[in-house]
Amino acid sequence: MGRYSHATPGFLPGHPIRNNGFIPDFLDKRLLFVTGKGGVGKTTVAMALGIRAAMEGKRTIVCEVSATENASRLFSQAEVGFREVELANDLWAISIDPEESMREYVLLQLKVKAMRDMLFRSRMFTYLAAATPGLNELVTIGKIWELAQLDRKVKHGRKYDLVIVDAPATGHGISFLQTPRTFASIARVGPIHSQALQLEALITDHDQTGTVIVSLPEEMPVNETSRLESELTSDIGIAVDRVIMNALYPDSFTKSEVKTIGKLKKSDDPEVRAAGRAALSQAKRAAAQREQLERLRGMVEAEVSTLPYVFKPELDLKAARFLAEEIG
Amino acid sequence: MASVASLVEDRDIVICAGSGGVGKTTTSAAIALGMAARGLKVCVLTIDPAKRLADSLGLEELGNEASKVDPKLLEAQGIDTSEGGELWAMMLDAKETFDALVARHAEDEEARDRVLNNRIYQQISGALAGSQEYMAMEKLFELHSDGRFDLLVLDTPPSRNALDFLDAPARLTQFIEGKSLQIFIKPTGLAARVASRGTGVVLSVLKRIVGFDLLADLSEFFTAFSGMIDGFQDRAHRVGSLLSDERTSFLIVCGPQGEPIDEAVFFHSKLVESQMVFAGAVVNRVRYRLGTRQPKVGDLARRIEKELDDAELAARLARNLAEYDVLAVRDQKNIEKLTEALNGEPVIRVPYLDTDVHDIAGLCEINKYLFADEETRVERATT
């Protein structure tokens with residue numbers, strides 16, 4: 001297979017991880033969808049989960065599902081395209097492009113490159129492919145399925161223990177995961193029908209496949225997480241293994257400290273006043289976040305774990321590596 | 001720098017665009033509320049309402065039609081409605097709008113039912129790529145034609161890429177109009193060939209991949225749509241021209257992190273390229289710098305200790321300010337980059353408030369920034 005950068009030496013931490021080697025059991029699955037509302041940090045968490053699984057010695061691939069030209073920063077920094085790229089020992093990444101997936105799929109069906117190319121040159125096929133709703137999503141899930149096979153369909157395909165998908169945001173995410181069922185029902189018989197059923201079977205297999213919902217300690221994301229969990233469980237039939245409350249502020253100041261800090265408002269030193277103001281905002285936010293965390297715990301069935309807020313300008317691979325160790 | 005009022009007051013339509021999770025819904029609702037407080041009849045169209053926000057606006061049983069927010073709820077927050085200001089809101093139902101559109105363009109009831117009852121249509125009309133976005137525009141067009149409101153504020157559907165919104169008419173019409181359908185429905189097209197169980201190389205290859213049944217269903221679906229092409233095309237054209245009309249303006253809503261800022265810059269360039277009216281940008285959750293220089297943690301801790309007499313707490317306070325400042329500096333740099341890319345068009349910064357916004361009182365809090373001049377904003381956010 002084409003280009004891949006070599007694993008960065010020292011990318012994975014050399015020291016043992018903190019929480020006594022406790023491994024979240026959902027990392028034992030073969031396929032994990034990371035989902036949640038837009039802007040909650042899905043991509044970072046998906047990458048962190050990938051790094052963690054690789055640290056545990058699992059050969060892992062993290063997939064970005066990019067229906068647009070607008071790939072996430074994390075993936076473009078790592079120069080990931082529609083090729084399996086090695087980021088570190090046991091850690092791979094791919095950005096799944098629907099058009100490329102379609103070419104690959106058709107070739108697997110027809111077996112002959114010339115025939116595939118003839119089809120792609122025909123206007124009838126081009127228009128059919130462009131006009132058929134949901135086809136991009138279907139071939140994307142088809143590629144995810146292919147990556148998750150121990151008996152890979154593409155030539156010289158690598159075997160992965162775990163495939164992690166940075167899934168589309170809520171709303172789009174639900175219809176994305178629903179695509180196989182939709183196609184299975186639209187095409188009552190024939191090759192698309194049976195392949196859609198195969199995809200559907202993998203998605204709803206609780207032993208093999210699961211989801212992690214990423215949330216934020218705020219009103220709207222918490223509400224949406226609870227709704228998403230019930231939609232995933234009852235409408236899609238996929239297992240929800242974990243809810244991760246991302247970007248939780250540290251509880252830096254106690255109530256009595258907050259009272260003391262209040263005195264700084266009267267300071268003559270503007271920087272001391274600024275420190276007081278920043279601390280009070282922080283304390284207020286942190287308290288509100290803990291209320292949301294409790295609300296979330298009361299609203300969802302799945303176990304809830306937390307990830308700390310990263311006080312860094314950008315959430316890059318380094319931040320993902322830091323978070324990888326915090327996953328418990 | 002300008003208040004948001006000066007950016008939207010001469011327009012009929014304000015479209016709030018941006019990627020997911022940047023506070024678009026809240027910003028849209030706040031702008032609508034603020035303009036209603038200035039005596040306008042305003043309607044906000046949203047597709048993704050926060051439950052509590054919807055509740056606080058009294059919108060729980062809202063369907064696909066606009067309903068009026070009880071003036072008493074506004075008066076309770078000190079908003080004067082005696083000058084005729086009204087706040088209306090609606091939640092968009094893409095499927096219902098799509099159905100209504102099919103009904104409008106169908107030649108007769110039979111043609112309408114043929115589409116509405118088609119299995120493929122039923123499966124996809126809600127999920128079709130771009131359909132939510134297009135249907136939002138469609139509803140906007142309908143409300144604008146009514147002339148019932150002084151101002152319409154559209155909260156665009158959540159999508160990863162704000163550009164999806166601008167592309168929606170093109171993608172939808174690519175699906176329903178012109179060439180793609182012609183391929184199916186002309187006398188020698190795919191539908192006819194499938195129906196007559198034609199042979200041909202491409203067709204037989206297609207059958208092998210897709211299966212005959214699905215191919216037949218698809219061509220039936222496209223054929224059912226065929227009578228409506230002209231109507232859809234004409235409508236999509238008029239909806240498209242409303243977007244580029246000078247009565248319509250776009251407001252980009254984004255967050256201060258690198259990725260949303262980059263996307264805002266890109267979206268702005270696309271708006272300019274497509275000759276749309278750009279009103280300005282609103283950056284939400286900005287950490288204003290609380291000083292002009294990076295705090296020196298050790299030195300600051302000593303100064304705090306003098307006032308609090310607690311060395312350990314003082315150290316934590318100093319560190320906390322330093323952590324805050326790292327993010328504030330990032331925000332400042334990103335916003336400078338945005339301002340530069342927008343060639344001096346207004347950028348309004350709404351600070352990261354201490355509490356979540358999910359009611360009318362919270363919207364009023366946001367409006368203290370949205371509807372203020374820059375000097376007042378900075379003053380309020382930093383002292």
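Up top you'll find the structure we're talking about.
Residues numbered from 1 in each chain as written. Chains lettered and ligands numbered in written order. Predicted model: local features only at pLDDT ≥ 70, side-chain atom pairs only at ≥ 80, totals over all residues. Heavy atoms only, no water.

Participant: Help me out: how do you make sense of the overall build of chain B in this one?
Facilitator: When helices and strands are counted, chain B shows 19 helices and eight strands. Residue burial in chain B is summarised as follows: out of 383 residues, 57% are buried. Of all intrachain contacts in chain B linking residues separated by at least 6 positions in sequence, the fraction that spans at least 24 positions is 79%. (Helix = DSSP H or I, 4+ residues; strand = E, 2+ residues; numbered from the N terminus. Buried < 20%, exposed > 50% of the residue type's maximum accessible area, 1.4 Å probe, protein only. Contact = heavy atoms within 4.5 Å.)

Participant: Explanation requested: the environment of R114 of chain B in the structure shown.
Facilitator: Residue and element names in this part refer to chain B. Relative to the assigned elements, R114 resides in helix α6 (residues 109-116). The class for R114 is partly exposed, based on a relative accessible area of 44%. Measuring from C-alpha to C-alpha, the distance between R114 and E220 comes to 9.4 Å, with 106 residues separating the pair along the chain. Contact partners of R114, with chain neighbours within four places excluded, come to T223 and A224.

Participant: Looking at this model, I keep getting lost on the pairing of strand β4 (residues 91-96) of chain A. Mind explaining?
Facilitator: Here is the key point about a regular strand: its side chains alternate between the two faces of the sheet. Residues and elements named next belong to chain A. Among the six residues of β4, six are classified as buried, and the element is accordingly described as predominantly covered. Here β4 shows a buried face lined by L91, A93 and S95 and a second buried face lined by W92, I94 and I96. Where strand β2 (residues 60-65) lies against β4, six bridges are found, and the strand directions are parallel. The residue bridging V62 from the neighbouring strand is A93, located in β4. As paired elements, strand β3 (residues 85-88) and β4 share three bridges and run antiparallel to each other. Its bridge partner being in β4, V85 is matched across the sheet by A93. Where β3 folds back on β4, the antiparallel hairpin that results is connected by two residues, among which D90 adopts a positive phi of roughly 70°. (Pairing = 2+ DSSP bridges.)

Participant: Is there a simple way to explain the interface of chain B and chain A in this structure?
Facilitator: In many analyses, interface size is given as the accessible surface area lost on bringing the parts together. Of the residues lining the interface, 79 residues belong to chain B; the matching set on chain A comes to 70 residues. For the chain B and chain A pair, buried surface summed over both sides reaches about 6,700 Å², with 59% attributable to carbon and sulfur atoms. Along the contact surface separating chain B from chain A lie six salt bridges. The partner of E218 of chain A in a salt bridge is R285 of chain B, and the shortest N-O contact between them spans 2.7 Å. For the pair chain B and chain A, the number of links is 18 residue pairs in polar contact (both at pLDDT 80 or more). (Buried area = accessible area lost by both parts, 1.4 Å probe. Salt bridge = Lys/Arg side-chain N within 4 Å of Asp/Glu carboxyl O. Polar contact = N/O pair within 3.5 Å; in protein donor to acceptor, adjacent residues only side chain to side chain.)

Participant: Which parts of the structure should I look at to understand a negative patch on the surface?
Facilitator: Residue and element names in this part refer to chain B. A cluster of like negative charges, contributed by D70, E75, D80 and E83, occupies part of the molecular surface. In this structure, E83 sits in the loop between α4 (71-75) and β4 (86-91). On the accessibility criterion, E83 (65% relative accessible area) is exposed. (Patch = residues over 30% accessible without salt bridge, like charges linked within 9 Å, V, L, I, M, F, W, Y side chains within 5 Å. Areas by Shrake-Rupley, 256 points an atom, 1.4 Å probe, with all protein chains shown as cover. Lys, Arg positive; Asp, Glu negative; His and termini not counted. Charge placed at Lys NZ, Arg CZ, Asp CG, Glu CD.)

Participant: Got a minute to help me understand the layout of surface pockets in this structure?
Facilitator: Rolled over the atoms, a probe sized like a water molecule indicates the empty space that remains. Volume-wise, the second largest pocket comes out at about 740 Å³. Residue lining of the second largest pocket: 34 residues in total, with L280, S281, Q282 and K284 of chain A together with D354 of chain B positioned closest to the centre. Here the lining of the second largest pocket gets ten residues from one element, more than from any other, and that element is helix α11 (residues 270-299) of chain A. The residue makeup of the lining of the second largest pocket, split by class, is 17 nonpolar, six polar and eleven charged. (1 Å grid on protein atoms, 1.4 Å probe; cavity = no way out; pocket = protein on both sides within 12 Å on 5 of 7 lines; lining within 4 Å. Points joined across faces, edges and corners; volume = space filled by probe spheres on them. Nonpolar A, V, L, I, M, F, W, Y, C, P; charged D, E, K, R; others polar.)

Participant: Can you walk me through the sheet that holds strand β5 (residues 151-155) of chain B in this structure?
Facilitator: All names here are of chain B. The mixed open sheet is built from eight strands, whose spatial order is β3-β4-β2-β5-β1-β6-β7-β8. Each edge of the sheet is formed by a strand with only one pairing partner; in this case those strands are β3 (67-68) and β8 (347-351). Here four bridges tie strand β7 (residues 278-286) to β8, and the two strands are oriented parallel to one another. Bridging from a neighbouring strand, V286 pairs with P351 of β8. In this fold helix α17 (residues 311-341) packs onto β6 (248-254), β7 and β8, with an angle of close to 175° to the strand it touches most, β7. (Axes fitted to C-alpha atoms, helices over the stretch in contact; angles between N-to-C directions.)

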